[in-house]
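# Structural features, examined
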Amino acid sequence: MRSLALFLLTVSLSLAADFRTGQAARLVIGQPTFTAQEPAGSQQVVGAASGLAYANDLLVVADSNRVGAGPINNRVLIYRNLSTMLPAPTASLDYTQRCPVCVGSASVVLGQTDFTKIDVGLSETGMRLPTAVATDGTVLAVADTDNNRVLIWRSIPTTNGAPADLVLGQPNLTSNAAPRPPTASSLRGPQGVWIQNGKLFVADTQNHRVLIWNAIPSSNGQPADTVLGQPNFTTFVEVDLTKADLNVKPETLLNPVSVTSDGVRLYVTDLGHNRVVIWNSIPASNQAPADIAIGQPDMTSAIFNNVRALCTPNGEDANGNDTYPPLCGATLSFPRYALSDGQRLFIADGGNDRVLVYNSVPISSGQSADTVLGQFTAEFNSASDSADPLRRSSSDSLRTPMSLAWDGTNLFVTDPFNRRIMVFTLAEPVIPYAGVRNAAGLKVYAVGGITFSGTLQENDEITITVKDKEYKYKLIKEDSFANIVNRLVEAINAGDGDPNVHATPNIVFNAIILTARTEGSAGNGIIYSTKLSDNAKVTATTAGAQLAGGQDAAKIAPGTLVSILGERLAAEAVVAPGDADNLPLSLGGVEVYFDGIRAPLLYVSPTQVNAQIPWEVLDRTSLNAYVRTVWPDGRVTATNPVAVPIIRQNPGIFTYGGDIDPRPAVMQHFSSNATGTVQIAGTAKAGDVATVVIEDREYKYTVKTDDTTANIRDGLIAEINADPKVEAFAAGVYTWIRLRARIPGVEGNGIKFSAKTTDNSAVILTPTNEALCCANIAGSLVTDQNPALPGETIIVFATGLGLITPDDARQALHTGQKYSGPVLNEPEEFVSSLAGGKTANVLFAGVRPGMVGVYEVHLELNTDIPTNPRTQLTIAQDLFVSNIITFPVFNPKPAQ
């Protein structure tokens, strides 16, 4: 059996590497992080680059564009020995720079004398808006677009500002005319060049044609041999496209912006017709018709995102007519580049901010892509300026990709509006989109609830409606609320269950909890309601008109403990040693990288890896993440990278396992002694007197000049600590006083206390309850057998609350190390809480000493919170709310 298991493991690990829709780039060239957009060009930083070419371990970049992105650097960069700059997909990386996967330093610059200049030029060494480059490893061609020419170097330049050897489109290297009508020797705004098998191809964009030279030209202004898109070399084309006829045919072109070949076929990106046209063999005659159109259903259509002809309907409107998504895997919107290695086809779909990947070259018009890069689905564009700002410059997004290059493993994509070159790499697709999540709240579902009360009367009927589905129950003789709850839950969950919600009974509270089946904010829109039969005496009260509380657990704060979900991540489950001061960077053969920074590990298994996000990544809004695994047989694999959106804070509360949210919390009783709280607010005004009364004993503090509320707190604490029954201490870093009975156990419960100030005082003292209460066993778990009490202080544990203050506490935060800083610390962003629908006072929230990435939150429950074995609780920071957790509460007072 062991040999069979090893065989199956080997088979599973031998799956072919591929691209996955929504995957992140593995590397980035031209910026110090994935989300940096440094504008000043240098040897390491690119501007709004557009053109790309790769051959013989050489990458060439045209660092300008014609789509309005900036800066325009009017130069071409050459990266020699590229493979030495790019770490291998399975390499083990060292943390020697802030982003070890942000790579690349140009070897040579053309068009400028050094890497800092961006001057416009018209000479053998100058350029004006170069947008495309091509090389076969020996010859270099550059489309110098705004000079209406193509420059050619017969050998790859090795010095900055090296002069071109000859020019096409112009009679000499100092002219830039674009005559009308055109000729076989003229060019107007060329934006595409390609070298293949000794031939030169140029996309003569503004003349709406492609020119072919059957051999690499050897003299200035040499005429082309073949023209595509026009019947001859001198046909005049209307310059003003608003006046031009849309003459869409297999043999016509409108603003072609790229031309490439795989040695057999020819690919032209026909921008104005929203298509990529393919010739199944290299054309040898003028205006030879293309064979296939990608992005259109046929050779005579030119609609951008032609969804009605190419996409599957996604529903019907009110009149029964089919509706369609805004785009799909078969549509194009102003495509910019097409590239094939003879097996795959890649298309830079600029208007849709994505790259389409075809696993085999299409054989008919209108075929759909197999994979989408730059978007997490083929049906939507989430990277536009008006969309989620976290995706505008993320590790998995693109904005108007312009050009592509391919080395057999890595796909290079220019991303001009983000001033970078993204490098997407083939890998085993084992981590799904959004596969990195807050480890305490892997999925944050929207919830709602229905509570039943009133008098039970036979034949009364209750109807619950979830969206458009109804669930009915008619009361029987001598019925019970428990039976009503159970029967309706059974109806909602029957068979495959309601498509939108799962129902859970809360018998003690006579209630049903509804949990969205779809995680995150998508579940917040699920509408539900109740209806009763006429004259019914039973009541059914909803917690709202729709489910609420769904959040995105895949948005992560620095320092958060995360779970990476996937398949084939590790050979077996291994847990990090609990007594180590530093978490291991390798565990069970597994390493995890965030932007190339190796992360500390808590746990690894075949389907889940728990790690800590480095604190050092606060300066960016997106990371990439991937898992590297060394297997028992010595093989090394690396998963596809996925993006991790980074925000300042997004809390998650640790719970016990379970299949359905909300889940029971890992919760502790705070104190073995009875406790209480006095809040101090307002301002400190000299002469005011603040008083705390313990039973009949008063403890006063007179406010002095330059006092603060913290001085008042500390002064009162000093006075109260002389009391024989009660001691006082600060509530974390807040200006509140915590009171605690000196005698442990229930004997300390019931000690009365109050607070007061002098008339017209500017300082405000507010007791949160009337007497000390709720002594338990400090650190013991809150369970059904040992529930929380109203007014009690309980502790929950969380991660993802972000950076902390004061400075000495923040400086004590080290990735992977147990926190050893001040006990009194607090998150930068205020923490609030709701428990049982009522405010719970947050007495303390901070990183727990002796733990990595774990915060403890002390919550004082409202004194009126009712009995409920599944009381719901959340914590929140700003707009970010944690997963909903449950815990048992017992209120000894009878319900009012």
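Residues numbered from 1 in each chain as written. Predicted model: local features only at pLDDT ≥ 70, side-chain atom pairs only at ≥ 80, totals over all residues. Heavy atoms only, no water.

## Points about the overall build of the protein chain
When its secondary structure is counted, the protein chain shows 5 helices and 64 strands. Within the protein chain, buried positions represent 55% of all 896 residues. In the protein chain, of all internal contacts separated by at least 6 residues, the share reaching a separation of at least 24 is 61%. Of the side chains in the protein chain, 64 bear a positive and 84 a negative charge, and the two mean positions are spaced by 1 Å. (Helix = DSSP H or I, 4+ residues; strand = E, 2+ residues; numbered from the N terminus. Buried < 20%, exposed > 50% of the residue type's maximum accessible area, 1.4 Å probe, protein only. Contact = heavy atoms within 4.5 Å. Lys, Arg positive; Asp, Glu negative; His and termini not counted. Charge placed at Lys NZ, Arg CZ, Asp CG, Glu CD.)

## Section: the state of the cysteines
Two cysteines, two sulfur atoms, one covalent bond between them: this is a disulfide. Counted under the stated rule, the structure contains 3 disulfides. The disulfide that involves Cys-311 links it to Cys-328, with 2.2 Å between the sulfurs. Every disulfide takes its handedness from the sign of the S-S torsion; for Cys-311 and Cys-328 that torsion is -85°, giving left-handed. Remark: Cys-328 occurs in the loop between strand 20 (322-323) and strand 21 (337-340) and Cys-311 occurs in the loop between helix 2 (307-310) and strand 19 (315-316); sequence separation between them is 17 residues. Across the disulfide, Cys-773 is cross-linked to Cys-774 (sulfur-sulfur distance 2.3 Å). (Disulfide = S-S within 2.5 Å.)

## A few points about the sheet that holds strand 35 (residues 538-542)
If you walk across this open sheet you meet the 4 strands as 32-33-29-35, and the pairing is antiparallel. The open sheet has two edge strands with one neighbour each: strand 32 (501-506) and strand 35. Pairs of neighbouring strands in the sheet enclose a mean axial angle of 20°, with direction left out of account. In this structure, strand 29 (residues 445-454) lies alongside strand 33 (residues 511-519), joined through 6 bridges in antiparallel fashion. If you follow Val-447 over to strand 33, its bridge partner there is Thr-515. (Pairing = 2+ DSSP bridges. Axes fitted to C-alpha atoms, helices over the stretch in contact; angles between N-to-C directions.)

## Describing the packing of aromatic side chains
The tally for this structure, following the rule as stated, stands at 7 aromatic pairs. Ring geometry for Phe-19 against Trp-406: centres 6.0 Å apart, planes inclined by 55°, an arrangement best described as tilted. In this pair, Phe-19 is assigned in the loop between helix 1 (2-13) and strand 1 (27-29) and Trp-406 in strand 25 (residues 404-406), connecting sequence segments 387 residues apart. Accessibility classification places Phe-19 together with Trp-406 in one group, the buried group. Measuring from ring centre to ring centre gives 6.2 Å for Tyr-54 and Phe-412, while their planes differ by 15°; the resulting arrangement is stacked. Within this pair, whereas Tyr-54 is found in strand 2 (residues 51-55), its partner Phe-412 is found in strand 26 (residues 410-415), the two being separated by 358 residues in sequence. Tyr-54 sits in the partly exposed class, given a relative accessible area of 25%. With relative accessibility at 0%, the residue Phe-412 sits in the buried group. Among the aromatic residues, those joined into a cluster by ring pairs are Phe-19, Phe-346 and Trp-406. (Phe/Tyr/Trp six-rings, centres within 6.5 Å; stacked < 30°, edge-to-face > 60°.)

## Comments concerning the sheet that holds strand 34 (residues 528-532)
In spatial order, the strands read 31-30-34; together these 3 strands make up an open sheet with antiparallel pairing. Only two strands of the sheet have a single neighbouring strand rather than two, namely strand 31 (469-474) and strand 34. Averaged over all adjacent pairs, the angle separating strand axes in this sheet is 20°, with direction ignored. Sheet topology places strand 30 (residues 461-466) next to strand 34; 5 bridges connect them, and they run antiparallel. Residue pairing for strand 34: Ile-462 is matched across the bridge by Leu-532. Helix-sheet contacts for helix 3 (residues 481-493) involve strand 30 and strand 31, and the interaxial angle to strand 31 is about 150°.

## Some remarks on the nonpolar core
If you look at the biggest cluster of nonpolar residues, it comprises 62 residues, and the most contacted ones within it are Tyr-79, Leu-411 and Phe-412. Of all the elements, strand 27 (residues 420-425) adds the most residues to this core, at 4 residues. Ala-788, Leu-801, Ala-845 and Phe-887 belong to the second largest nonpolar core, which has 36 residues in total. (Core = buried A, V, L, I, M, F, W, Y, C linked by side-chain atoms within 4.5 Å.)

## Structural notes on helix 3
Taking 1.5 Å of rise per residue, 13 residues should cover 18 Å, and helix 3 covers 18 Å from first to last C-alpha, within 8% of that figure. Buried within helix 3 are the following residues: Phe-481, Asn-483, Ile-484, Val-485, Leu-488, Val-489 and Ile-492. Positioned one or two residues after helix 3, Gly-495 has a phi angle of 60°, which is positive. (Expected span 1.5 Å × (residues − 1).)

## Remarks on the side chain of Asn-352
Relative to the helices and strands, Asn-352 is located in the loop between strand 22 (345-349) and strand 23 (354-358). If sequence neighbours within four positions are ignored, Asn-352 has contacts with Asn-305, Leu-327, Thr-331, Leu-332, Ser-333, Gln-375 and Asn-381.

## Side note on helix 4 (residues 709-720)
For helix 4, spanning 12 residues, the distance from its first C-alpha to its last is 16 Å, which sits close to the expected 16 Å at 1.5 Å a residue. Those residues of helix 4 that sit buried are Thr-709, Ile-712, Arg-713, Gly-715, Leu-716, Ile-717 and Ile-720. Looking at the buried residues of helix 4, the elements they touch are strand 48 (675-682), strand 49 (689-694), strand 50 (697-702), strand 51 (726-730), strand 52 (736-741) and strand 54 (763-767).

## Considerations on the pairing of strand 58 (residues 832-835)
Where burial is concerned, the two faces of strand 58 differ: the one with Ser-833 and Ala-835 is buried and the one with Ser-832 and Leu-834 is not. Of the strand pairs in this sheet, strand 58 and strand 62 (residues 868-877) are connected by 4 bridges, and their pairing is antiparallel. Within strand 62, the position partnered with Ser-832 by the bridge is Ala-876. With 2 bridges connecting them, strand 58 and strand 59 (residues 838-839) associate as antiparallel partners. Each residue of the ladder has a partner; that of Ala-835, found in strand 59, is Lys-838. Between strand 58 and strand 59, which pair antiparallel and follow one another directly, the connecting turn spans 2 residues, one of which, Gly-836, has a positive phi of 60°.

## Re the pattern of salt bridges
One pass over the structure, following the stated rule, counts 36 salt bridges. The salt bridge partner of Arg-628 is Glu-591, with a shortest N-O separation of 3.3 Å. With Arg-628 in strand 42 (residues 622-630) and Glu-591 in strand 38 (residues 590-594), this residue pair connects regions lying 37 residues apart in the sequence. Each member of the pair Arg-628 and Glu-591 is classed as buried. The salt bridge involving Arg-620 is made with Asp-595; its shortest N-O contact spans 2.9 Å. Remark: Asp-595 occurs in the loop between strand 38 and strand 39 (597-598) and Arg-620 occurs in the loop between strand 41 (608-612) and strand 42; sequence separation between them is 25 residues. The exposure class of Asp-595 is buried, given its relative accessible area of 0%. Where salt bridges share partners, they join Glu-695, Asp-696, Arg-697, Asp-723 and Lys-725 into one cluster. (Salt bridge = Lys/Arg side-chain N within 4 Å of Asp/Glu carboxyl O.)

## Concerning the confidence of the model for the protein chain
Predicted confidence across the protein chain gives a mean pLDDT of 93, with 97% of residues reaching 70 or more. Contacts from residues 1-14, a stretch scored under 50 in pLDDT, to residues over four places away or in other chains number 7 contacts. (pLDDT = per-residue confidence, 0-100.)

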